[in-house]
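# Examining the three-dimensional arrangement
One letter stands for each residue in the lines below.
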Amino acid sequence: MIRSALLIAKKDLYSELKTKQVLATMIIFAGLVILVFSFAFDPANNTTKAVIPGVIWVIIVFSGILGLNRSFISEQRNDTMQGLMIAPLDASSIFLGKFLANFSMILVVELVSLPFLFLLFDFKMYGGFGYLILVLVIGSFGFISIGTFLAALAANSKSSEMLLPLLLFPVTSPILIGAVQATKIILTNIEKLSSAMAWIQLISAYDVIFFVLCFILIDYVLEV
Amino acid sequence: MIELKKLVKQADNKLILRGIDLKIDKGETVAILGPNGAGKSTLLKVLATLIKPTSGLVKINGLELRKNQLEIKKLQGYLPHSSLLYEHYSPLENLVFFGNLYGIKNAQEKAIELVKEVGLSFFLNEPVKNFSRGMIQRIAIARAIIHEPPLLLLDEPHTGLDQGAISILNNVILSMKDKGTTTLMVTHDFKQAAEICDRIIIIKNGKVADDFRLEEKELDTVSEKYQLQVEGVS
């Protein structure tokens, strides 16, 4: 299963390397968000720091949706999804492969855009860098795993690009609330780390439950 | 090789397959003929594990379809209307990807060999999106047989092909037959059916209307029997 999933993830990432469609769009979107927010808020003002956690997750959520939307729709051309369905692999391998590709892409977007955000907002971190990375990884993990599952579900709909955010936001709201709160505490008030840890635990539990659920239910979603 | 008992497929209150009973032996090359909407492609999709039957028994190589999907998938090469190819990938990249998915060893060498066999060696590294319909179909054939399946399911494989591509496809089917491959081919092309198949099954309204063997390449027999069953002309 892992081998097939890695093959699918590699195929998706290599496709992206060739076409440069999705990742470029995601990075451009992230750059625009940062620019617009940097115009709106004065970096010299201390209250601007309070906006940064929100901006980080706006970038992750909306650029993530751009990638998720393409994830299964791209398999509709030439019915390549059928090619995966008739191959000797489980539906969960397809889900895992797609998840790995989407997760890698969102990590690249975060890696490129967040240093740019901190630079433009003249934000200096005083410790807690490891915790920030942890929140970003587990928050993105949950958002992308549920998003990949719902993208598979929405792909057969004619208005899938509209349907995906409608399905995704309510289901992922606990992850997003927890991630924004934990990011805020880590970036602005590291003394209250125990509160951040509570949010991190909530996100982790949510991640595990929904990842397993998606893994089990994907078989029914991909069924023709 | 294939055993179907009372196979029924219903979709949206419409019966597409109405209790098909069929037995196909190993090594047979069988053409499935029938008018549009008769259920030919649905039958192929059920065998290819793409859609689940509503009821009935499907056995392939002694394995029951419901319980042994992964094993059955390994035995099959399926060529539908669409190419199932990634169009920004080259033939080599497409074939290596699918070869790896099927777990074949030396996927790269096998892919190069197949591209050569279908006469597209010069286009080995060109993206498939630049190819004509006939060229895409040739690569699609190579994709379907890359794991050397003992069962080949072809859905109107000759549609849109030029004479050169038709003869390459027929050669591939016949060489697979020599290796003992069972081929099930849905087609509207009686000439090709008579040319390469040794058994004809006519499906009408989701049921087997006729099932006969071809001793020689008797195109007239195929046409007559088809007209008799489907159009009611004797």
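The present account deals with the structure reproduced in this document. Since the structure is predicted, the reported quantities are computational estimates derived from the model, not experimental observations.

This brings us to the overall build of chain A. When you go through chain A residue by residue, the secondary structure sums to 8 helices and 0 strands. Seen through its C-alpha atoms, chain A measures out along the principal axes to roughly 55 × 35 × 30 Å. Counting all 224 residues of chain A, 45% fall into the buried class.

Contact with chain A, which involves 18 residues of that partner, is made by 22 residues of chain B. Those elements giving two or more residues to the side of chain A that touches chain B turn out to be helix H1 (2–19) and helix H4 (80–85) of chain A. By residue number, the principal contributor to the side of chain A that touches chain B is H1(A), which donates 6 residues. Across the side of chain A that touches chain B, the residue classes tally to 7 nonpolar, 7 polar and 4 charged.

A few words now on helix H3 (residues 91–101) of chain B. Of all the 11 residues making up H3(B), 10 are buried; the element is thus mostly covered by neighbouring parts of the structure. Among all positions of H3(B), only Pro91(B), Glu93(B), Asn94(B), Leu95(B), Val96(B), Phe97(B), Phe98(B), Gly99(B), Asn100(B) and Leu101(B) are buried. Packed against the buried residues of H3(B) are H1 and H4 of chain A together with helix H4 (107–117) and helix H5 (133–145) of chain B.

Here we come to the sheet that holds strand E9 (residues 199–204) of chain B. All names here are of chain B. Reading across the sheet, the 6 strands line up as E6-E7-E8-E3-E9-E10 and stay open at both edges, with mixed pairing between neighbours. In this open sheet, the two edge strands, each paired with only one partner strand, are strand E6 (76–79) and strand E10 (207–213). This sheet shows a mean twist of 15 degrees between the axes of neighbouring strands, independent of strand direction. In the sheet, strand E3 (residues 29–33) pairs with strand E8 (residues 182–186) via 4 bridges, with the strands oriented parallel. By the bridge assignment, Val30 is partnered in E8 with Leu184. In the packing of helix H1 (residues 40–47) onto the sheet, contacts are made with E3, strand E7 (151–155), E8 and E9, and the angle to E8 comes to roughly 145 degrees.

Rules used in this analysis
Residues numbered from 1 in each chain as written. Chains lettered and ligands numbered in written order. Predicted model: local features only at pLDDT ≥ 70, side-chain atom pairs only at ≥ 80, totals over all residues. Helix = DSSP H or I, 4+ residues; strand = E, 2+ residues; numbered from the N terminus. Buried ≥ 20, exposed ≤ 12 C-beta atoms within 10 Å, placed from the backbone. Contact = placed C-beta atoms within 7 Å. Nonpolar A, V, L, I, M, F, W, Y, C, P; charged D, E, K, R; others polar. Pairing = 2+ DSSP bridges. Axes fitted to C-alpha atoms, helices over the stretch in contact; angles between N-to-C directions.

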